[in-house]
Amino acid sequence: MTQDELKKAVGWAALEYVKPGTVVGVGTGSTASHFIDALGTMKDQIEGAVSSSEASTEKLKSLGIPVFDCNEVDSLDIYVDGADEINAQMQMIKGGGAALTREKIIAAVAKKFICIIDESKQVDVLGKFPLPVEVIPMACSYVARELVKLGGTPVYRQNVITDNGNVILDVHNLTILNPIELENKINAIAGVVTVGLFANRGANVVLVGSSNGVKTITE
């Protein structure tokens, strides 16, 4: 199977976790896009969705799925999204699509985080994928200097402005042995909006697309 076929398989497998009559948290990226396609087949059974990006919102609306502002919902039953890397503890690096802040907010609101990935995203140690950090523009140089002190090599992501109007620094050369500690340290730097480490709030269920079918990993 191609990588896209694996992504499609897990996107559709996540439908099993969608309960009728609920509002569904929806992520961003190529794997989440397959989930949105699947969600469209049961749009009449759900109330709608809360979306983590303008791109996902556009796609949801094009399929006739109502999109709610996150402030309009008290909690979400599930949040379905992909990851750039995930370890055995279900901690993730996310933000390759620059939607990390909204993704982290929706993950915090959701009772259950369903992470949908193909098997190439599974790693023993996080950090080979450059760690995205969303930064308020005026703090970019300062934050970069602080990230160097933490052992990383920050690179400004050219021509990218987030949906929140901020910039992204991608931090290379990290070996993340304690993801929670690093997440807390980076989030404490003045000017950081959030870091793409999802360690304090990891996934509850991981659906892995492989050549042998979809594998389910639970806590």
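Residues numbered from 1 in each chain as written. Predicted model: local features only at pLDDT ≥ 70, side-chain atom pairs only at ≥ 80, totals over all residues. Heavy atoms only, no water.

The chain is annotated in an unreviewed UniProt entry as Ribose-5-phosphate isomerase A of Xenorhabdus stockiae. Under the UniProt heading Catalytic activity (unreviewed entry), the note attached to the chain is "aldehydo-D-ribose 5-phosphate = D-ribulose 5-phosphate". The record held by UniProt for the chain lists under Function (unreviewed entry) the comment "Catalyzes the reversible conversion of ribose-5-phosphate to ribulose 5-phosphate." (UniProt positions renumbered as here; feature names shortened; annotations may be inferred.)

A. Summary view of a nonpolar patch on the surface. A cluster of nonpolar residues, Ile 136, Met 138 and Val 193, forms a patch on the protein surface that exposes about 310 Å² of accessible area. Among the structural elements, Val 193 can be located in strand β11 (residues 192–195). Given a relative accessible area of 33%, Val 193 falls into the partly exposed group. (Patch = residues over 30% accessible without salt bridge, like charges linked within 9 Å, V, L, I, M, F, W, Y side chains within 5 Å. Areas by Shrake-Rupley, 256 points an atom, 1.4 Å probe, with all protein chains shown as cover. Salt bridge = Lys/Arg side-chain N within 4 Å of Asp/Glu carboxyl O. Helix = DSSP H or I, 4+ residues; strand = E, 2+ residues; numbered from the N terminus. Buried < 20%, exposed > 50% of the residue type's maximum accessible area, 1.4 Å probe, protein only.)

B. Inspection of the sheet that holds strand β8 (residues 131–135) at higher detail. Taking strand neighbours across the sheet as the criterion, the four strands line up as β9-β10-β8-β11 in an open arrangement whose pairing is antiparallel. Of all the strands in the sheet, just β9 (153–156) and β11 have a single pairing partner and so form its edges. Between one strand and the next, the sheet's axes are offset by a mean angle of 30 degrees, whatever the strand orientation. Here β9 pairs with strand β10 (residues 167–172) via four bridges, running antiparallel. Within β10, the residue paired with Thr 153 across the bridge is His 172. This element, helix α6 (residues 179–187), spans β8 and β11 of the sheet and lies at about 165 degrees to β11. (Pairing = 2+ DSSP bridges. Axes fitted to C-alpha atoms, helices over the stretch in contact; angles between N-to-C directions. Contact = heavy atoms within 4.5 Å.)

C. Region of interest: the sheet that holds strand β6 (residues 92–93). Pairing is antiparallel across the open sheet formed by three strands, whose spatial order is β5-β6-β12. Each having just a single partner strand, β5 (85–86) and β12 (197–198) make up the two edges of the open sheet. Summarising the sheet, β6 and β12 pair through two bridges and their orientation is antiparallel. Residue pairing across strands places Met 92 opposite Phe 198, the latter belonging to β12.

D. Summary view of the nonpolar core. Counting residues in each nonpolar core, the largest one holds 22 residues, and the members touching the most others are Val 18, Phe 35 and Leu 39. Looking at this core, the elements that each hand over two or more residues are β1 (23–26), α2 (30–40), β4 (76–81), β7 (110–118) and β13 (205–210). The element that contributes the greatest number of residues to this core is α2, accounting for four residues. Counting residues in each nonpolar core, the second largest holds 21 residues, with Val 133, Val 143, Leu 182 and Val 192 among its members. (Core = buried A, V, L, I, M, F, W, Y, C linked by side-chain atoms within 4.5 Å.)

E. Local environment of the pairing of β10. In terms of residue burial, β10 counts as a mostly covered element, since five of its six residues are buried. As defined by bridge partners, β8 adjoins β10 across five bridges and the pair is classed as antiparallel. Pairing of Val 133 across the sheet is with Leu 169, part of β10.

F. Focus on the packing of aromatic side chains. This structure, assessed with the given rule, holds two aromatic pairs. Ring plane angle 55 degrees and centroid distance 5.0 Å describe the contact between Tyr 79 and Phe 113, whose orientation is recorded as tilted. Taken as a pair, Tyr 79 in strand β4 and Phe 113 in strand β7 lie far apart in primary sequence, 34 residues in all. Like Tyr 79, the residue Phe 113 is buried in the burial classification. Where Phe 113 meets Phe 198, the ring centres are 6.5 Å apart and the plane angle is 80 degrees; that geometry is what we call edge-to-face. Of this pair, Phe 113 sits in strand β7 while Phe 198 is found in strand β12, placing the two residues 85 residues apart along the sequence. Assigned by exposure class, Phe 113 and Phe 198 land together as buried. Among the aromatic side chains, those forming a connected cluster through ring pairs are Tyr 79, Phe 113 and Phe 198. Here the basic side chain of Lys 94 rests over the ring of Phe 198, its NZ or CZ set 5.5 Å away from the ring centre. Note that Lys 104 overlies the ring of Phe 198, its terminal NZ or CZ placed 5.1 Å from the centroid. (Phe/Tyr/Trp six-rings, centres within 6.5 Å; stacked < 30°, edge-to-face > 60°. Lys NZ or Arg CZ within 6 Å of the ring centre and 35° of its normal.)

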